[in-house]
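# Examining the three-dimensional arrangement
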Amino acid sequence: MEKRPEALLLKFPGTNCDVETARALDTTGFRVRTIPFKGISEEAILQCRLLVLPGGFSYGDYIMAGRLAQLKLEQALGDALNRFRDQGGYILGICNGFQILVKLGLLPSGSLIAHADGRFRCQWVKLRNHRPDHPFLRALPEVVEFPIACAEGRFVAAPGDAEAYLDKGLVTLTYEDNVNGSSAAIAGLQDESGRVFGMMPHPERFLTRAHHVDPDWAGDPDRGWGYYFFRSMYEELNPATEPEKSTESSQAMTL
Amino acid sequence: MRHIVEILNRFQPDTDAGRLLYTPADTGMTCRTTRRYAFQYTGRLDSLQDFVRTVLLDPISEDLHEAARPCLDEFAFYLDISLKPGLLDLEKEAVVQYVRDRQDADWTLETLSVGRRYYFLGTGLIGPEPFIRDMVNPVIHTWNVVHGTALV
Amino acid sequence: MEPLLYKSTHEIVEIRDRSDAALEALSAQRKLSLSLEDMRAIRDHFKQLRRDPTDVELEVLAQTWSEHCKHRIFNAVIHHTTDNGKEVIHGLFSRYVRCVTEEIMERKPGFVVSAFHDNAGFIRLDDTWAVGLKVETHNHPSAIEPYAGANTGLGGVIRDILGAGKAARPVASLDVFCLGNPDTDPAALKDGSVIHPLGVLRGVVKGVRDYGNRMGLPTIAGSIYFDDGYCFNPLVFCGTAGVLPLDRIEKRVEPGYRIMVLGGRTGRDGLRGATFSSASLDSNSREDDQGAVQIGNPIEEKKAADCLLRAAEEGLIRFVTDCGAGGLSSATGEMAAEHGASIYLDRVPLKEPGLSSWEIFLSESQERMVLAVEPDDVERMREMADLYESECVEIGTINNDGFLRVFHHGDELCCLDGSFLHTAPRKTLVSTYTTSPESGTVSGPYMPDSVDHDYTSDLHGLLRHFNVASREPVIREYDHEVLGQTLVKPLAGPDGHCPADGTVFGVDGSARYVAMGVSLLPAWHANPYRMGRGTVDEAIRQLVVSGANPDRVALLDNFCIGNPEDPHVLGALVETARGMAEAAEACGAPFISGKDSFYNCYETPQGTQSIPPTLLISGLGIIDERAHITRSFIRRTDSRICLAGLTRPEMGGSVYARMTGATDGDVPRWEAEQTMTVYRRFHEALRNGWILSAHDLSEGGLAVALAETGFSLRAGMNIQLEAVPVDGGPSITERLFSESTGRLLFEVAPAHVDAVTAHFHGLPFAVIGTMNDNHDRLVVGERDTVLLDEKIIHLKESWKNGLKPYY
């Protein structure tokens, strides 16, 4: 009976987007478990289908974003995440999760550093979808809107790397208006396998159209792009389901 | 033993020094910020250096300067600011806690001081006093000013 | 150098034979902030007991009786004199706050589910959930260290929510700052140790940002109010809203329950915060009170909150309260009030060795919660804390003899009778309020009409004004989207740059929504009674235009004044409270919580610098359905713009008057019945689906409101000023810029204009303009004369850039 794919949310001290991320996953069909870092085991990871590192400030991010989470995760689990990926599991890192995945070396080499003006920035941004074939981005249009909320969201890499990632198709999302000065305007990346996926913007915060800043947003009658982001991954992991397209009218959800 | 490191971000642009003041002014100077750590330790220096590289440094975006002398040569003056002892310095707390949790280290941390260094660059129109007034709160900060070789 | 680790460190303080002078000297020497009357009461109590108190007992009494914890000024007997005679007020709180709520609770049974007795008040959201709000001031700590003050201010009020009921879930925050003008000349700050308003602004914003963002709570509402009167005494208000299942509202302790402390460890930091916050500042405060400066650790609080909320969901929590002012003494004192308790200080986890007994008991170290659980659940709590990388330790037991007993390494250091501990002597104060010639009674046209006057330039000036300009630079620093439930954001619209009135959030598991707003009008201080009424009205108005049901609104009051022993200062407070109470009662809006802050004055050689009497009203409003949620900006090119409510020649306290340097003019009045009728009709129109967007008229009046609704840049606007419903013959200037209360501006589609007009029949209402798609300007005319004609994008630039050079 329980054939819904399981998503596992890894919660560090200071992870704070787990509630809305769990809500988004649950709404789109996943079975969701949130496990505090101290209670995590390699076994638990290997039996889920999608591992999610949600946003927040792991251990406060006082040294730099994601550093302590990376070190403690390496210490506790070694390369369990690599094994999980190699056995076909998907790993999604949003915001702080993206920062941690980059630090872990699971995504192309680079770093997410403080914005050039030194400020935290909470605003809606337009993003270009570079990988409309990816299970997360499949149901989304060419340009998609999500909110960002970060102080260290500026992606930088060794000279030439960012452009090379674009050429190799590792860049999944770029800012239309490069709000934080990221190299090649990179907002999201995937690894070579496509199964590790990191992004600064928050798809879980755009689950229904009511989330949008503009009540007259023309994208979809009920849902937000975040719904389709998670739903298409659900369909990827559970091929028996009928695919949903954003043009279909769907019943209103309760938030 | 004492080991001092200074970390400089390669990507962070210099800021207009006037923006740091409460009456934004054209000071003719820019400001560059670095993070500075002073370790009092016993044990192996190379292990401590390794710790600095893996924990405190982001090799993609930052340069490491392992010496007590300033990492920049040309500056009008610099201002070191750190929190007074007894106040909660969350960054320091995070580093110290992480060091304590590691069992494999062959160096021991005795004390750590963490601070920010603000280099004022350019042929400045004004001295450090206005910056001290507006950037330092004597209730919580200790600070120190050193003049450089560049003309003030 | 290792201090006495295995012995209690306390002393007996001889008090029974002390003279009045010796009692006062003792209070001063130990920094107890207790009056002679209080000290006498303590002396007499211990005479009866035939023993002297320990230092621990004295400190416990000092903090329990402190202004911060007992609101003794708000409960004092006040002899109030006005032009109309004298009266005796037996407590501002009971007369002007609690009575209002009790009256409304009778009228609206079931709406208020908790008020005044817990750490935060709650109203019913639906059949399952309650929603509540708490707002606290952190003025003195923020004046000394803005970052740390605001940081711990927010951390503290979040703990108030966590400590409400059997642990409420914090869901959103607000912050309000009253500061000197950001362009204040540093040389004008007579005392060099005062922090420049811009330094305070930068510090407090970063303080809220670093705590709120890390806690994962959206900071969605707030206000920044600039006035020279706050240069020496900045005000910092932090508030947090929370949700709680109705069946977790009631909490109680039973004998045998175990008392546990959860979260951060106890250190020497933050001693005497409660008594410190009841004293005024001077240039020595900065050095002397270093010990009172604390920096918050939001991750410590986040871990504790995650653990506590999970434990609450599993039903483990029997009682919980925050560990704020007064530390463990206050928290355990609250738990012990009914049955008594024994506390063992040697079990309290410490940050550092060497704390004396009273320091452990009174320390106000941040990020701690105190809870009571059944003995069988102690181990489960410990495991849960461990899982979240927090710490939860058993420190005592609830007894059944009514005494608060404190032990340290076997010694009993404190044995206080709960009935004595919680009965501080009542204060008596004197207050005076007289209307003076300059207090705002001048009426008639504020400024003669002149068609040649450059109203466009006036409007640009107002939009750039520090108190009107966009708060975008600050708002973007706060994560206002985390938790994924913020539906009306502080900045919204097609480009995300239009101001919101109230902000709206959703609650998991409920089909209803909550609007939140704040209001303060210190510039109306010339008539404090009207200020009180107007502030309540503005708070309710913001919620109503956001879609809240006007009959499901709850309020919080936060008063800040200077020295309450000055009869004129206190007199203004009494008048403000009277106006506030009348308005709230007329609107059926109960107070569910409140807080007051006194001695916001600063001693300089040139004299005492005191703040203007300041009342902050925060409001929560229930939105019955998602479809009722309404934004503040124009959405269509073919719609009409309507105005409800009367505009009067009352420019007193308006931004326009301040901008032009004028000080005369009437402070706006407020009419209860008509206003509430307008709000209810508006809400019915909204339920009928007739309202496209709505904006309240507040600072800057009609002209500013029109410009702001246009900032969506969706349409050009043609406004006929002669259509504006008026009373008392206001001039053009007054119609454009008066801040008369009770007015709503809203957009209606052409198809519904007739229905809306009929619906408002008999009330001050008019269609005052039309939208169009053939120009992008705001044009305001009177009959055939164009008074104001400007591109909306230019107006928007003025508004967006007003604060940018400073933050």
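This text goes with the structure placed above it.
Criteria and thresholds
- Residues numbered from 1 in each chain as written.
- Chains lettered and ligands numbered in written order.
- Predicted model: local features only at pLDDT ≥ 70, side-chain atom pairs only at ≥ 80, totals over all residues.
- Heavy atoms only, no water.
- Helix = DSSP H or I, 4+ residues; strand = E, 2+ residues; numbered from the N terminus.
- Buried < 20%, exposed > 50% of the residue type's maximum accessible area, 1.4 Å probe, protein only.
- Contact = heavy atoms within 4.5 Å.
- Salt bridge = Lys/Arg side-chain N within 4 Å of Asp/Glu carboxyl O.
- Buried area = accessible area lost by both parts, 1.4 Å probe.
- Polar contact = N/O pair within 3.5 Å; in protein donor to acceptor, adjacent residues only side chain to side chain.
- Pairing = 2+ DSSP bridges.
- Phe/Tyr/Trp six-rings, centres within 6.5 Å; stacked < 30°, edge-to-face > 60°.
- Lys NZ or Arg CZ within 6 Å of the ring centre and 35° of its normal.
- Axes fitted to C-alpha atoms, helices over the stretch in contact; angles between N-to-C directions.

To continue, consider the overall build of chain B. A count of helices and strands for chain B gives 3 helices and 7 strands. Each helix and strand of chain B, placed in order from N terminus to C terminus, yields the pattern β-β-β-α-β-β-α-β-α-β. The burial tally for chain B puts 51% of its 152 residues in the buried class. Across chain B, every contact between residues at least 6 apart in sequence was considered, and the portion connecting residues at least 24 apart equals 83%.

Residues and elements named next belong to chain C. Going through the model one piece at a time under the given rule, you end up with 90 salt bridges over all chains. As a salt-bridge pair, glutamate 313 and arginine 169 come within 2.9 Å of each other at their nearest N and O atoms. On the criterion of sequence distance, the pair formed by glutamate 313 in helix H11 (residues 298-313) and arginine 169 in strand S6 (residues 169-179) is long-range, its members being 144 residues apart. A salt bridge links arginine 258 to glutamate 394; its shortest N-O distance comes to 3.2 Å. Of this pair, arginine 258 sits in strand S9 (residues 258-263) while glutamate 394 is found in strand S14 (residues 392-398), placing the two residues 136 residues apart along the sequence. Look at glutamate 394 and you get buried, because its relative accessible area is 17%. If you follow the salt bridges from partner to partner, you end up with Arg530, Arg648, Glu650, Asp666, Arg669, Glu671 and Asp727 in one network.

Residue-level contacts link 38 residues of chain A with 43 residues of chain C. Counting each side, the surface lost to burial between chain A and chain C is near 3,400 Å², with a carbon and sulfur contribution of 51%. Linking chain A with chain C are 8 salt bridges. Lys11(A) is paired through a salt bridge with Asp306(C); the nearest N and O atoms lie 2.9 Å apart. Inspection of the region where chain A meets chain C yields 21 residue pairs in polar contact (both at pLDDT 80 or more). At the level of elements, helix H1 (18-27), strand S6 (121-129) and strand S7 (143-150) of chain A are the ones that each hand at least two residues to the side of chain A that touches chain C. When residues in the side of chain A that touches chain C are grouped by element, the largest group, 4 residues, is from S6(A).

Within a regular strand, the side chains alternate between the two sheet faces. Residues and elements named next belong to chain C. The element strand S22 (residues 513-519) is extensively covered by neighbouring structure, given that 7 of its 7 residues are classed as buried. Taking every second residue as pointing to the same face, both faces of S22 are buried, with Tyr513, Ala515, Gly517 and Ser519 on one and Val514, Met516 and Val518 on the other. Pairing analysis gives 4 bridges linking strand S21 (residues 503-506) to S22, with the strands arranged antiparallel. In the sheet register, threonine 503 faces S22, and the bridge partner there is methionine 516.

Before going further, it helps to spend a moment on the packing of aromatic side chains. All told, the structure shown has 38 aromatic pairs over all chains when counted by the stated rule. Between Phe30(A) and Tyr234(A), the ring centres sit 5.6 Å apart and the planes meet at 75°, which makes this aromatic pair edge-to-face. Note that Phe30(A) is positioned in the loop between H1 and strand S2 (31-36) and Tyr234(A) in helix H7 (residues 225-237), a separation of 204 residues in sequence. Take Phe30(A) and Tyr234(A): they sit in the same class, and that class is buried. In this arrangement the basic side chain of Arg117(B) is found over the ring face of Tyr78(B), its NZ or CZ atom lying 3.8 Å from the centre. Across from the ring centre of Phe111(C), 5.7 Å away, lies the NZ or CZ of Lys108(C), which sits over that ring.

This part covers unusual backbone geometry. Residue and element names in this part refer to chain A. One non-glycine residue, aspartate 61, lies in the positive phi region at around 55°. Considering the arrangement of structural elements, one finds aspartate 61 in the loop between strand S3 (50-53) and helix H3 (67-77). You can call aspartate 61 buried: its relative accessible area is 8%.

Residue and element names in this part refer to chain C. Strand order in the open sheet formed by 3 strands is S2-S1-S17, with mixed pairing between adjacent strands. With one partner strand each, in any of the chains shown, strand S2 (85-90) and strand S17 (428-433) form the two edges of the open sheet. The mean angle between the axes of side-by-side strands here comes to 20°, regardless of whether they run parallel or antiparallel. Pairing between strand S1 (residues 77-82) and S2: 6 bridges, direction antiparallel. What sits directly across from histidine 80, in S2, is glutamate 87. Seen against the sheet, helix H5 (residues 92-107) touches S1 and S2 and runs at an angle of roughly 75° to S2.

A separate point is the sheet that holds S7(A). Residues and elements named next belong to chain A. Read across the open sheet, the 9 strands follow the order S2-S1-S3-S4-S11-S10-S9-S6-S7; overall the sheet is mixed. The strands lining the two open edges of the sheet, one partner per strand, are S2 and S7. Between one strand and the next, the sheet's axes are offset by a mean angle of 20°, whatever the strand orientation. Bridging between strand S1 (residues 6-11) and S3 involves 3 bridges; their strand directions are parallel. Among the inter-strand pairings, alanine 7 is bridged to a residue of S3, identified as leucine 50.

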